[in-house]
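Examining the three-dimensional arrangement
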Amino acid sequence: MEPAPGLYVHLPWCVKKCPYCDFNSHAVRDTPPYADYVAAVCADLEHQAGLYAPQPFGSIFFGGGTPSLFQPEHIERILLTAQQSVGVLGDAEITLEANPGAIEHGSFKGYQAAGVTRISLGIQSFEQAKLTALGRVHSVSDAYLAVEAIHQANIAELNIDLMYGLPQQSVAESLSDINTAVSLGPTHISHYQLTIEPNTLFAVRTPTLPDGETCFDMQVDCQSALSESGFNQYEVSAYAKPGFEGNHNLNYWKYGDYLGVGAGAHGKVTVQDDAAKLATAGKTVDKTVEPSTGQATKRTRRTQKPKHPAQYLQDPLALVTTDSSEQECVFEFMLNRLRLNTGVTGAELAPFPWLKSRESQARFAAAVERGLLKINSDGGWSKTALGSRFLNDLQEVFLP
Ligand SMILES: C[S@@+](CC[C@H](N)C(=O)[O-])C[C@H]1O[C@@H](n2cnc3c(N)ncnc32)[C@H](O)[C@@H]1O
Ligand code: SF4
């Protein structure tokens, strides 16, 4: 049985733009048109539900931007639309991203009542100097207060986002952030190395960052501390208590389907050929690439919404679609699946006949030769420790 699809909802505004951030996020000027945006998201969702008729959602993720700028009533309205247009499984994971500096604490109870089961809280560091260097709008005490309010609201799952490799950070300081996060009782921790992205303020005025070796030491020491505290690493940056892995992101990494609604949101859907033709009618702009075999009955379709909130509000039903060729699908699958620490079973590879081709076998052999991958007895494979450390090199082996 196909895994239940996910729904990603992009909520694009933030109190202020952080200097390292290249997400599709926009600093609020006057009050943004929250209610109009929610109406647009609901129309977008109904439209895509009509085009693709997905199975009921197994996970919903409100990402941003800063979704906690939206009122619980807004979130409730979108969830109701999801329920009425597609359906939501009874045990669906419903995550909302929150910034400790952009939340009225009473709101967590409201989000919980609206159906949110998981909060992902962007704390980044428990050191005030680091928060200041990162241009965050919240203080260390805001972070503690937000965690307390989330526990009080009986929200079942809490993810804390932390970053490491911060300006002037030592290995001991990064470890201290991890230990503080663990002491607050989250079910999940996401631990990201700060990257300098083009088109950000940090790309123009780059602060002095720890060198590569120091960052690697931070990663290794924090991995050990998390493991000793009962958090299993299941992906490059994701650690969870057993049974609390983030299902929404797991679905991306396992190459599952999801709808993407809201400004700039991406989606991935599997369509039958007939449905593919249908979905290119009306508002949809088609940039179809024919599958290389020419006889596939199912296609993998990528969808994308207009990026800027103003553009999106003008035409919330606009949707650009691109169908992936068979080999692009293999690369997309590998790119995502290789992020997970669990090995790939032979059965998971069945939808990708190209992986049995001579060319593909040669690429696998090269990856094994370089010590990045090992082949398992059922025909599946696992990354080696070297493959995990040099993931980009391993992913490149499967570039189309
Ligand atoms: C959309 S944000 C989370 C919610 C909210 N916007 C916030 O920042 O609190 C997702 C996470 O990505 C991480 N992140 C953003 N930009 C990053 C960068 N340049 N390098 C590493 N991690 C980054 C941060 O940990 C952030 O919490
Ligand atoms: S609050 Fe989050 S999404 Fe907004 S600018 Fe900062 S890192 Fe980006």
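Residues numbered from 1 in each chain as written. Chains lettered and ligands numbered in written order. Predicted model: local features only at pLDDT ≥ 70, side-chain atom pairs only at ≥ 80, totals over all residues.

1. Section: the overall build of the protein chain
Helix and strand counts for the protein chain come out as 15 helices and 17 strands. Taking 2.2 N^0.38 as the reference for a compact globule, 400 residues should give roughly 21 Å; the C-alpha atoms of the protein chain span a radius of gyration of 21 Å, in line with that estimate. Principal axes of the C-alpha set define a box for the protein chain whose edges measure 60 × 50 × 40 Å. Looking at the protein chain alone, contacts between residues at least 24 apart form 76% of all its contacts between residues at least 6 apart. (Helix = DSSP H or I, 4+ residues; strand = E, 2+ residues; numbered from the N terminus. Rg over C-alpha atoms; globule rule 2.2 N^0.38 Å. Contact = placed C-beta atoms within 7 Å.)

2. Some details on the environment of D221
If you trace the backbone, D221 turns up in helix α8 (residues 212-228). For D221 and S174, which are 47 residues apart along the polypeptide, the C-alpha to C-alpha distance reads 8.9 Å. With sequence-adjacent residues up to four places away left out, D221 is seen in contact with V171 and L175.

3. Here's the deal with the environment of P198
Its place among the elements puts P198 in the loop between β8 (188-193) and α7 (201-204). The spatial distance from the C-alpha of P198 to the C-alpha of Y20 is 9.2 Å, given a sequence separation of 178 residues.

4. Observations concerning unusual backbone geometry
Each neighbour pair has its own omega, and for G64 with G65 the value is 15 degrees, a cis peptide bond. For G65, the position within the fold is in the loop between β4 (57-64) and α2 (72-85). The phi dihedral of A53 falls on the positive side, at around 40 degrees, and the residue is not glycine. Locating A53 in the fold gives a position in the loop between α1 (34-52) and β4.

5. Notes on the confidence of the model for the protein chain
The predicted model of the protein chain averages 92 in pLDDT, with 94% of residues at 70 or higher. In the predicted structure, residues 285-294 sits below a pLDDT of 50 and forms 19 contacts with residues beyond four places in sequence or in another chain. (pLDDT = per-residue confidence, 0-100.)

6. Considering α1
For α1, which comprises 19 residues, the first-to-last C-alpha distance of 27 Å matches the rise-based estimate of 27 Å (1.5 Å per residue) to within 8%. Three or more residues of α1 are buried, namely Y37, V38, A40, V41, D44, L45, Q48, L51 and Y52. Projected down its long axis, α1 shows its buried positions confined to an angular sector of 160 degrees, all on one face. For α1, the exposed residues lying more than 90 degrees away from the buried face are D36 and G50. Just downstream of α1 lies A53, where phi reads positive at about 40 degrees. (Expected span 1.5 Å × (residues − 1). Buried ≥ 20, exposed ≤ 12 C-beta atoms within 10 Å, placed from the backbone. Arc of directions from axis to C-beta.)

7. Things to note about the site of ligand 2
Near ligand 2 you find C14, K17, C18, C21, F23, S25, G64, G65, T66, N99 and G122, and these make up its full shell. Here the shell around ligand 2 is built from residues that sort into 4 nonpolar, 6 polar and 1 charged. (Near = placed C-beta within 6 Å. Nonpolar A, V, L, I, M, F, W, Y, C, P; charged D, E, K, R; others polar.)

8. Quick look at the domain arrangement of the protein chain
For the protein chain, the assigned domains read domain 1 (6-251) and domain 2 (345-396). The centre of domain 1, based on its C-alpha atoms, is set 31 Å off from the matching centre of domain 2. (Domains from an automatic or database assignment.)

9. Looking at the nonpolar core
Counting residues in each nonpolar core, the largest one holds 76 residues, and the members touching the most others are V9, I60, I75, A82 and L121. Considering every element that reaches this core, the biggest residue donor is α1, with 7 residues. Not counting chain neighbours up to four residues away, the residues in contact with A82 comprise L7, L45, F57, I60 and V88. Ranked by size, the runner-up nonpolar core spans 14 residues in total, among them F333, L372, L373 and W381. (Core = buried A, V, L, I, M, F, W, Y, C linked by C-beta atoms within 7 Å.)

10. Here we look at helix α5 (residues 140-152)
For α5, with 13 residues, the first-to-last C-alpha span of 19 Å sits near the 18 Å given by 1.5 Å per residue. Here the buried face of α5 lies against β5 (88-98), α3 (107-114), β6 (118-124) and β7 (157-164).

11. Some details on the site of ligand 1
Near ligand 1 lie 16 residues; those nearest to it are E97, N99, G122, D161 and Y192. If you list the elements that add at least two residues to the shell around ligand 1, you get β4, β6 and β7. Across the shell around ligand 1, the residue classes break down as 6 nonpolar, 7 polar and 3 charged.

12. A short note on the pairing of strand β15 (residues 319-323)
Burial of the side chains of β15 is restricted to one face: L319, T321 and D323 are buried, whereas none of V320 and T322 on the reverse face is. Looking at chain direction, strand β14 (residues 298-304) and β15 are connected through 4 bridges and run antiparallel. Bridged to T303 within β15 is T321. (Pairing = 2+ DSSP bridges.)

13. A word on the pairing of β5
Counting buried residues along β5, 8 of its 11 residues qualify, which places the element largely inside the surrounding structure. As paired strands, β4 and β5 are joined by 5 bridges and run parallel to one another. By the bridge assignment, F62 is partnered in β5 with L96. Read from β4 through α2 to β5, the crossover connection turns out right-handed. In the sheet, β5 pairs with β6 via 4 bridges, with the strands oriented parallel. (Right-handed = clockwise from strand over helix to strand, strands pointing away.)

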